[in-house]
Amino acid sequence: QWHFPQAFVGVVLLPIIGNACEHASAVRLAIQDKPVVSIMIAVGSSTQIALLVMPFAVLAGWCTDRPLDLNLGTAGISILFLSVTLVFTIVST
(Lines give C-alpha, C1' and ligand atoms only; values in the text may rest on other atoms or scores of the structure.)
Protein backbone atom coordinates (compact mmCIF):
# COMPACT_ATOMS: atom_id res chain seq x y z
CA GLN A 1 0.00 0.00 0.00
CA TRP A 2 2.85 2.44 0.76
CA HIS A 3 4.97 1.22 -2.18
CA PHE A 4 8.31 1.38 -0.35
CA PRO A 5 11.12 -0.70 -1.87
CA GLN A 6 12.13 -3.68 0.24
CA ALA A 7 15.71 -2.44 0.40
CA PHE A 8 14.58 0.89 1.88
CA VAL A 9 12.47 -0.83 4.51
CA GLY A 10 15.24 -3.25 5.47
CA VAL A 11 18.16 -0.84 5.41
CA VAL A 12 16.61 2.43 6.59
CA LEU A 13 13.27 1.99 8.36
CA LEU A 14 13.93 -1.21 10.28
CA PRO A 15 17.07 0.02 12.07
CA ILE A 16 15.55 3.43 12.86
CA ILE A 17 12.32 2.04 14.25
CA GLY A 18 14.03 -0.85 16.01
CA ASN A 19 16.48 1.42 17.82
CA ALA A 20 14.23 4.44 18.39
CA CYS A 21 14.83 4.40 22.14
CA GLU A 22 18.59 4.40 21.66
CA HIS A 23 18.34 7.24 19.16
CA ALA A 24 16.20 9.26 21.56
CA SER A 25 18.72 8.70 24.36
CA ALA A 26 21.60 9.78 22.12
CA VAL A 27 19.78 12.96 21.11
CA ARG A 28 18.80 13.72 24.72
CA LEU A 29 22.38 13.30 25.94
CA ALA A 30 23.70 15.45 23.08
CA ILE A 31 21.27 18.20 24.12
CA GLN A 32 22.51 17.85 27.73
CA ASP A 33 26.07 18.55 26.47
CA LYS A 34 27.34 14.98 26.87
CA PRO A 35 28.65 14.30 23.36
CA VAL A 36 30.96 11.43 24.27
CA VAL A 37 28.15 9.32 25.70
CA SER A 38 25.91 10.28 22.81
CA ILE A 39 28.52 9.13 20.26
CA MET A 40 29.07 5.90 22.20
CA ILE A 41 25.35 5.14 22.03
CA ALA A 42 25.17 5.90 18.31
CA VAL A 43 28.26 3.82 17.46
CA GLY A 44 27.05 0.95 19.65
CA SER A 45 23.68 0.99 17.93
CA SER A 46 25.29 0.89 14.49
CA THR A 47 27.58 -1.94 15.57
CA GLN A 48 24.59 -3.89 16.86
CA ILE A 49 22.85 -3.58 13.50
CA ALA A 50 25.98 -4.51 11.56
CA LEU A 51 26.91 -7.54 13.65
CA LEU A 52 23.50 -8.98 14.51
CA VAL A 53 20.63 -7.79 12.34
CA MET A 54 22.28 -7.92 8.91
CA PRO A 55 23.60 -11.50 9.25
CA PHE A 56 20.24 -12.58 10.73
CA ALA A 57 18.45 -11.03 7.75
CA VAL A 58 20.71 -12.97 5.35
CA LEU A 59 20.02 -16.24 7.19
CA ALA A 60 16.29 -15.51 7.20
CA GLY A 61 16.51 -14.87 3.46
CA TRP A 62 18.19 -18.22 2.93
CA CYS A 63 15.50 -20.00 4.98
CA THR A 64 12.69 -18.40 2.96
CA ASP A 65 14.41 -18.83 -0.42
CA ARG A 66 14.76 -15.06 -0.93
CA PRO A 67 17.82 -13.75 -2.78
CA LEU A 68 19.36 -11.75 0.07
CA ASP A 69 23.11 -11.43 0.42
CA LEU A 70 25.71 -8.90 1.53
CA ASN A 71 26.85 -8.05 -2.00
CA LEU A 72 26.71 -4.26 -1.74
CA GLY A 73 28.11 -3.30 -5.13
CA THR A 74 30.36 -0.34 -5.85
CA ALA A 75 28.03 2.36 -4.47
CA GLY A 76 27.31 0.43 -1.27
CA ILE A 77 30.97 -0.28 -0.60
CA SER A 78 31.82 3.38 -1.23
CA ILE A 79 29.16 4.58 1.20
CA LEU A 80 30.24 1.99 3.77
CA PHE A 81 33.88 3.12 3.45
CA LEU A 82 32.93 6.80 3.82
CA SER A 83 30.72 6.13 6.85
CA VAL A 84 33.41 4.07 8.59
CA THR A 85 35.97 6.78 7.88
CA LEU A 86 33.64 9.47 9.23
CA VAL A 87 32.88 7.54 12.42
CA PHE A 88 36.57 6.77 12.95
CA THR A 89 37.39 10.46 12.55
CA ILE A 90 34.71 11.49 15.06
CA VAL A 91 35.61 8.84 17.63
CA SER A 92 39.37 9.33 17.42
CA THR A 93 39.30 13.09 18.07
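For the structure itself, look to the data block above.
Residues numbered from 1 in each chain as written. Predicted model: local features only at pLDDT ≥ 70, side-chain atom pairs only at ≥ 80, totals over all residues. Heavy atoms only, no water.

Engineer: Please provide a residue-by-residue account of unusual backbone geometry, values included.
Structural biologist: The phi dihedral of Asp33 falls on the positive side, at around 60°, and the residue is not glycine. Among the secondary structure elements, Asp33 is positioned in the loop between helix H2 (20-31) and helix H3 (35-63). For Asp33, a relative accessible area of 66% gives the class exposed. Even without being a glycine, Asp65 presents a positive backbone phi close to 55°. (Helix = DSSP H or I, 4+ residues; strand = E, 2+ residues; numbered from the N terminus. Buried < 20%, exposed > 50% of the residue type's maximum accessible area, 1.4 Å probe, protein only.)

Engineer: Pulling in residues and values, what's your account of the side chain of Ser38?
Structural biologist: Mapped onto the secondary structure, Ser38 falls in helix H3. Ser38 sits in the buried class, given a relative accessible area of 11%. A polar atom in the side chain of Ser38 sits 2.8 Å from the backbone oxygen of Ala26. With sequence-adjacent residues up to four places away left out, Ser38 is seen in contact with Ala26, Leu29 and Ala30. (Polar contact = N/O pair within 3.5 Å; in protein donor to acceptor, adjacent residues only side chain to side chain. Contact = heavy atoms within 4.5 Å.)

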